[in-house]
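Here's the letter readout for the chains.
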Amino acid sequence: MASRGKTETSKLKQNLEEQLDRLMQQLQDLEECREELDTDEYEETKKETLEQLSEFNDSLKKIMSGNMTLVDELSGMQLAIQAAISQSFRTPEVIRLFAKKQPGQLRTRLAEMDRDLMVGKLERDLYTQQKVEILTALRKLGEKVLSSASLRKSPRTSALETKSWLWQVVRLKKQKNDSLAAGDINYLLTVNGGFLLRILSHCKETESRHVFTS
């Protein structure tokens, strides 16, 4: 009987995740097509999707009511849906990973965003918005999240986390005959000043002039 109950719970969870994935895909498709829609059409479609999320949230509450096993299994999904409805979270992929309780993938996404910011593939405003969402999701999932102050106190940990993408930034900038702006330098110093200085010390003086600007 216990095995049957686990199987049913697993199937229910899978069905709910598929429904949520569909709604998140709707939001993602809407954002990707935003430039092709007029303002009224965009707002109306988004409103309809959020209403569907609200209905889904109501159904989820009824399903979870009085069932502690389901409360444990689906609590992350409920928090993620509520964040989407309130629009405190606006990134479908972050909401999806939050709902599925996947802190490892959230951290991976954050590392990819750090890299994309430094090579100019991600605008800083969007980076800040998504980073706040990811860190909030991690905290709500009970994960330990280091503050920027803690990172400055732990340069070794920070270096391990940022080493690979910092070197990639240097290589890409050199390949593109590009330079890091002063703002980028300041950002790197904030995140990991010691490691940045080690990179600079390993660059030949002529290459350093070519890659970095003061």
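Residues numbered from 1 in each chain as written. Predicted model: local features only at pLDDT ≥ 70, side-chain atom pairs only at ≥ 80, totals over all residues. Heavy atoms only, no water.

Caption draft 1: How the structure looks around the overall build of the protein chain. From N to C terminus, the protein chain includes ten helices and zero strands. Put simply, the protein chain has 214 residues, and 36% of those count as buried. Sequence separation of 24 or more characterises 65% of the internal contacts of the protein chain that already satisfy a separation of 6 or more. Approximately 13000 Å² of the protein chain is accessible, and the part contributed by carbon and sulfur atoms is 48%. (Helix = DSSP H or I, 4+ residues; strand = E, 2+ residues; numbered from the N terminus. Buried < 20%, exposed > 50% of the residue type's maximum accessible area, 1.4 Å probe, protein only. Contact = heavy atoms within 4.5 Å. Areas by Shrake-Rupley, 256 points an atom, 1.4 Å probe, with all protein chains shown as cover.)

Caption draft 2: Region of interest: helix 4 (residues 92-99). Counted residue by residue, helix 4 has seven buried out of eight residues, so it is predominantly covered. Of the positions making up helix 4, those classed as buried are P92, V94, I95, R96, L97, F98 and A99. One or two residues past the end of helix 4 sits K101, with phi positive at roughly 55°.

Caption draft 3: Region of the structure containing the packing of helix 2 (residues 39-64) against helix 3 (residues 68-86). Where helix 2 meets helix 3, the closest approach of the two axes is 10 Å, and the angle between their N-to-C directions is 160°. Between helix 2 and helix 3, the crossing angle belongs to the class labelled roughly antiparallel. Handedness of the crossing formed by helix 2 with helix 3: left-handed. Touching L50, L53, S54, F56, N57, L60, K61, I63 and M64 of helix 2 are L70, V71, L74, S75, M77, Q78, I81, Q82, A84 and I85, all from helix 3. Tallied by class, residues from the contact of helix 2 with helix 3 come to 13 nonpolar, five polar and one charged. (Axes fitted to C-alpha atoms, helices over the stretch in contact; angles between N-to-C directions. Parallel < 35°, antiparallel > 145°, perpendicular 65-115°, else oblique. Left-handed = near helix turned anticlockwise from the far one by under 90°. Nonpolar A, V, L, I, M, F, W, Y, C, P; charged D, E, K, R; others polar.)

Caption draft 4: Representation of a negative patch on the surface. Taken together, D38, D40, E41, E43, E44, E48, E51, E55 and D58 make up a surface patch of like negative charges. With respect to the helices and strands, the residue E55 is situated in helix 2. (Patch = residues over 30% accessible without salt bridge, like charges linked within 9 Å, V, L, I, M, F, W, Y side chains within 5 Å. Salt bridge = Lys/Arg side-chain N within 4 Å of Asp/Glu carboxyl O. Lys, Arg positive; Asp, Glu negative; His and termini not counted. Charge placed at Lys NZ, Arg CZ, Asp CG, Glu CD.)

Caption draft 5: Local environment of the UniProt feature "coiled-coil region" (unreviewed entry) in the protein chain. As annotated in UniProt, the feature "coiled-coil region" (unreviewed entry) corresponds to residues 6-40 in the numbering used here. Along residues 6-40, the helical share is 83% and the strand share 0%, with 45 Å between the first and last C-alpha atoms. (UniProt positions renumbered as here; feature names shortened; annotations may be inferred.)

Caption draft 6: The side chain of T91, seen in detail. For T91, the position within the fold is in the loop between helix 3 and helix 4. For T91, a relative accessible area of 6% corresponds to the buried category. Looking at T91, its side chain comes within polar contact range of the side chain of E133, at 2.8 Å. Beyond its immediate chain neighbours, meaning those up to four positions away, T91 contacts R109, Q129, Q130 and E133. (Polar contact = N/O pair within 3.5 Å; in protein donor to acceptor, adjacent residues only side chain to side chain.)

Caption draft 7: View of the pattern of salt bridges. Under the counting rule described, the total for this entry stands at nine salt bridges. The shortest N-O distance in the salt bridge between E73 and K13 comes to 3.2 Å. With E73 in helix 3 and K13 in helix 1 (residues 2-32), the pair connects residues that are 60 residues apart, well separated along the chain. A residue is classified by how much of its surface remains accessible, and E73, at 31% relative accessible area, is partly exposed. Ionic pairing is found between D116 and R115, a salt bridge with its closest N-O pair at 3.5 Å. Given a relative accessible area of 17%, D116 falls into the buried group. We classify R115 as partly exposed; its relative accessible area is 26%.

Caption draft 8: Broad picture of the packing of aromatic side chains. Counted under the stated rule, the structure contains one aromatic pair. With a centroid separation of 5.7 Å and 40° between ring planes, the pair formed by F89 and F98 is classed as tilted. Look at F98 and you get buried, because its relative accessible area is 0%. (Phe/Tyr/Trp six-rings, centres within 6.5 Å; stacked < 30°, edge-to-face > 60°.)

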